[in-house]
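# Close look at the chain arrangement
One-letter residues, chain by chain:
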Amino acid sequence: MKNRQLLPYFLTFTIVLIMVGTSQLLNNPEIIFPEITALAIGSLLAPKQVWKTSSLKLVLLIMIYAVIGVLMVKYLHVSLFIKVVIGFTLCQMGLILSKTTFAPLISACILPLLLNTDTWIYPLSATIMSFIIIVIQKQLQKKHYIHDYHYQPVTFDYRHELILFCKRLFVVGALGMLALRLDIRLLIAPPLIVAFYELSGNHQKLRSQAPRLYFLTISMAFISAYLRYFLNIQCHFSVIIPAVIATALLLFFIYYFQIFFPPVGAITILPMIIQPHLLLVYPILIAAGFALLIVFAFLISYQKSSN
């Protein structure tokens, strides 16, 4: 592998190491923002930027929706199901108003709802880490390590987007209700919702890779969760150890298989901040939730093509 190809991978690894290391140093798990690995995959590793968004909008949308998530936890006294529905709706509005396709803002908003995060450290960390990603991206583009990306505001067919949103909301709401009633919130882990959003959109090429995306995602869910369980919980090593091993394996798989699927990055880091008793069932819940969401994404796309 040439150094020019290796550098973005090394920088992605370093970002995760710094993020998790800072979290351990300050004894504050809210510093860990799983979606940062997804942003690195989509902005630094993919042949071209995955989302249609400007650098400024990327950082602002992460900041705004992380703040919205925390505000909802602190001040919106309704059921978690209603919070998720409201959060998902606000995210769709944000994409339309910002004229972007930056789906990771969904994870930024929904994650604090599911984890009951009410500290301002979370949006601060998410914003800083997103800004670091953008700075690195600009420098790599300047040095021609990665391709330049020129953002053009997205033009939406509002009627089409409204119909598509209603279908997506029905799926997220139905699966969310099931997950919350059975007390298995990870069935709707935020990175899975982001993956569903992208797979149910105008991404035929992405859907054609669904089996490979599913296998990689479930493999990393298993590897990451069990690494933390055995190394951190059972053997009492710092969480840095399973985090960097899982990240290194993820980056190797991405390079070897050339699968640039951002949600798998967040799925890999998420086990580092969930409750220890959930680690053993984490891969099972991710496998079940992702399988259901892939099926619904295909059904939605089939309905679109039939109309």
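Details of the structure are given in the entry above.
Residues numbered from 1 in each chain as written. Predicted model: local features only at pLDDT ≥ 70, side-chain atom pairs only at ≥ 80, totals over all residues. Heavy atoms only, no water.

### Let's talk about the overall build of the chain
Let me state the cut-off plainly: Each helix is a run of DSSP H or I of at least 4 residues and each strand a run of E of at least 2, with the numbering of both proceeding from the N terminus. Only protein chains enter the area calculation, which uses a 1.4 Å probe; residues under 20% of their type maximum are buried, those over 50% are exposed, and those in between are partly exposed. Note on definitions: a residue-residue contact is assigned when non-hydrogen atoms from the two residues lie within 4.5 Å. The Shrake-Rupley method, run with a 1.4 Å probe, gives the accessible areas here. Residue values count only the displayed protein chains as cover. By the counting rule applied here, Lys and Arg register as positive and Asp and Glu as negative, while His and the ends of each chain are not counted. Working definition for charges: the position is that of NZ of Lys, CZ of Arg, CG of Asp or CD of Glu.
Summing up its helical and strand segments, the chain has 13 helices and 0 strands in all. Helices (α) and strands (β) of the chain occur, in sequence order from the N terminus, as α-α-α-α-α-α-α-α-α-α-α-α-α. With the C-alpha coordinates of the chain rotated into their principal frame, the extents come out at 50 × 45 × 35 Å. For the chain, buried positions account for 53% of its 307 residues. For the chain, restricting intrachain contacts to residue pairs at least 6 apart in sequence, the fraction spanning at least 24 positions comes to 80%. Of the roughly 14200 Å² of accessible surface on the chain, 67% is carried by carbon and sulfur atoms. Averaging the positions of the 21 positive and the 8 negative side-chain charges in the chain gives two centres separated by 8 Å.

### Some thoughts on the packing of aromatic side chains
Test applied: Each Phe, Tyr or Trp ring (for Trp, its six-membered ring) is paired with any other whose centre lies within 6.5 Å, and the angle between the two planes then decides the class: stacked below 30 degrees, edge-to-face above 60, tilted in between. Here, over-ring charges are defined by two tests on the NZ atom of lysine or the CZ atom of arginine: distance to the ring centre within 6 Å, and angle to the ring normal within 35 degrees.
Following the criterion strictly, the structure yields 14 aromatic pairs and no others. Plain terms: the ring middles of F88 and F165 are 6.1 Å apart, the flat faces sit at 15° to each other, and that makes the pair stacked. Of this pair, F88 sits in helix α4 (residues 80-98) while F165 sits in helix α7 (residues 158-181); the two residues are 77 residues apart in sequence, bridging distant segments of the chain. When its relative accessible area of 2% is taken as the criterion, F88 is described as buried. The exposure class of F165 is buried, given its relative accessible area of 12%. Considering the side-chain rings of F261 and F290, the 6.3 Å spacing of their centres and the 15° angle between planes classify their relative orientation as stacked. A residue pair is termed long-range when its members are at least 10 positions apart, and F261 in the loop between α11 (240-257) and α12 (262-269) and F290 in helix α13 (residues 282-306) qualify at 29 residues. With respect to class, F261 is no different from F290; both count as buried. Here the aromatic cluster, defined as three or more aromatic residues joined through ring pairs, consists of F222, Y226, Y229 and F230. One cation-aromatic arrangement involves R168 over Y197; the distance from NZ or CZ to the ring centre is 3.7 Å.

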